Amino acid sequence: MAKSSTPVYKKKPAPRKPAAPPQAAAAFDRALPEIEALSADRLIAIKIDIPRAVSQVLGVLPGLLALRPAIAEQLQRHDVALLDRLETYALAAWYAHLLWLSSGGAENALKPLLAESVPLRENLLGDAEALARRGLLDAAAVAEIRAGQGHIDTANDLVALSALFSGSWSEISGKTAATEDEVKRAGEIGPQLLAALGVREHGKGPGPTEAADKRARAFALLAHAYDQTRRAVAYLRWNEGDAELVAPSLYKGRGGRAAASSDAAPEPEPEDSAAPPGVAAPAPAAGTAPTASPSGASGPGPQALPGAAPAAAPPVG
């Protein structure tokens, strides 16, 4: 195997905030045939925080795409289409997670969520900017978060801030006023706020059972595609020793342990993305793959969330 002349990364890439609801809804719509057709034996337990995982995948995606020609040339039996669809799967999993959050009574939670979210975003963003000035966080990623405006951006910014702090916590702990509880709360409240905004504008989405099923299926597609891509990266970057920088495990992070070889069978940290206040926990419970509907079973398309274009969200049947 030919050795690359330079490593893809000298430092780990920063997580990126998930796309706004219109783009996420469109991705979910594109992936929906695969989501519905996924067989029950492909489902896996959700034991990581989906928003954080999505932010991580989007952050490393440019580096993975830079390796696409080498993967196609040197690993001809590898399904490179999984890499081509990785962004779609990530955004589909993000949107399915929002639909799951909105499947309860989120309409009553909007005001208190906004009251908490706005100052939390500002405090964490100020801390992130201070860390970026000292080279401890990615300055471009922090600037992208600062550019956000409005309630939807506030929600997405909290997800990105949580992922950014979590991914570098071992380096920044003790060097910032931000606390682990604040970082964790940002990762929880961001998706909750988006779900509450969606319920206010468009009404409730699918019922809890259906929403949990779609969420489990979308997550399984993402986990499989990323896991297979990590295998290809591990082969290509073996000599350089930077495979974990290019494609880090989704299960490696604050309080968790890295998977030895596959993200599909890890020893992960518990999922910490709770349902919003007043939202009943979907059945089956988070962290457990629900009983799948028959392969290929049809169901209503994605319910529009705030800002989603009508064309990206088929009407509910």
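Bear in mind that the values here come from a model prediction, so they are computed numbers and not experimental data.

Q: For this particular structure, what's the right way to read the packing of aromatic side chains?
A: Aromatic rings in a pair are described by how distant their centres are and how their planes are angled relative to each other. Throughout the structure, instances matching the rule amount to 1 aromatic pair. Between the aromatic rings of F28 and Y95, the centroid separation amounts to 5.7 Å while the plane-to-plane angle is 50°, which identifies the pairing as tilted. Separated by 67 residues along the polypeptide, F28 in helix α1 (residues 21-37) and Y95 in helix α5 (residues 86-101) bring together distant segments of the chain. For the pair shown, F28 and Y95 are each scored as buried. A cation sits over an aromatic face here: R215 above W100, 3.8 Å from the ring centre.

Q: Any chance you could explain the side chain of D157 here in plain terms?
A: In this structure, D157 sits in helix α8 (residues 150-167). Owing to a relative accessible area of 0%, D157 belongs among the buried residues under this scheme. Excluding residues within four positions of it along the chain, D157 makes contact with K17, R121, I145 and G148.

Q: Explanation requested: the nonpolar core in the structure shown.
A: In a soluble, globular protein the nonpolar side chains are often hidden away together inside. L64, L86 and F165 are the most contacted members of the largest nonpolar core, which totals 87 residues. A per-element tally of this core places helix α11 (residues 208-236) first, with 12 residues. Setting aside chain neighbours within four positions, we find L86 in contact with V57, L61, L64, L222, A225 and Y226. Listed in part, the 5 residues of the second largest apolar core include W100, L101, A195 and A212.

Q: Just to check I follow, could you spell out the packing of helix α2 (residues 50-66) against α8 for this structure?
A: Packed helices, taken two at a time, are described by the angle between their axes plus the distance between the axes. Between α2 and α8, the least distance of the axes is 9 Å, while the angle of their chain directions is 75°. Judged by the inter-axis angle, α2 sits roughly perpendicular to α8. Contacts between α2 and α8 pair P51, R52 and S55 from the former with V159, A163 and S166 from the latter. Here the contact of α2 with α8 is composed, by residue class, of 3 nonpolar, 2 polar and 1 charged.

Q: Looking at this model, I keep getting lost on the environment of A130. Mind explaining?
A: Looking at where A130 falls in the secondary structure, it is placed in helix α6 (residues 110-133). Taking the C-alpha atoms as reference points, A130 and V142, separated by 12 residues in sequence, lie 10.0 Å from one another.

Q: Any chance you could explain the pattern of salt bridges here in plain terms?
A: If charged atoms from side chains of opposite charge come close, those side chains can pair. The tally for this structure, following the rule as stated, stands at 16 salt bridges. Of the charged contacts in the structure, one is a salt bridge between D157 and R121, with a shortest N-O distance of 2.8 Å. Highlighted residues: D157 in helix α8 and R121 in helix α6, separated in sequence by 36 residues. Neither D157 nor R121 differs from the other in exposure class; each is buried. Linking D227 and R231 is a salt bridge whose minimum nitrogen-to-oxygen distance equals 3.5 Å. Within this pair, D227 and its partner R231 are both found in helix α11, separated by 4 residues, close to a single helical turn. We classify D227 as buried; its relative accessible area is 3%. Classification of R231 as partly exposed rests on a relative accessible area of 42%. One network of salt bridges, with partners in common, ties together K17, R121, E122, E129, R146, D153 and D157.

Each value, and the rule that gives it
Residues numbered from 1 in each chain as written. Predicted model: local features only at pLDDT ≥ 70, side-chain atom pairs only at ≥ 80, totals over all residues. Heavy atoms only, no water. Phe/Tyr/Trp six-rings, centres within 6.5 Å; stacked < 30°, edge-to-face > 60°. Helix = DSSP H or I, 4+ residues; strand = E, 2+ residues; numbered from the N terminus. Buried < 20%, exposed > 50% of the residue type's maximum accessible area, 1.4 Å probe, protein only. Lys NZ or Arg CZ within 6 Å of the ring centre and 35° of its normal. Contact = heavy atoms within 4.5 Å. Core = buried A, V, L, I, M, F, W, Y, C linked by side-chain atoms within 4.5 Å. Axes fitted to C-alpha atoms, helices over the stretch in contact; angles between N-to-C directions. Parallel < 35°, antiparallel > 145°, perpendicular 65-115°, else oblique. Nonpolar A, V, L, I, M, F, W, Y, C, P; charged D, E, K, R; others polar. Salt bridge = Lys/Arg side-chain N within 4 Å of Asp/Glu carboxyl O.

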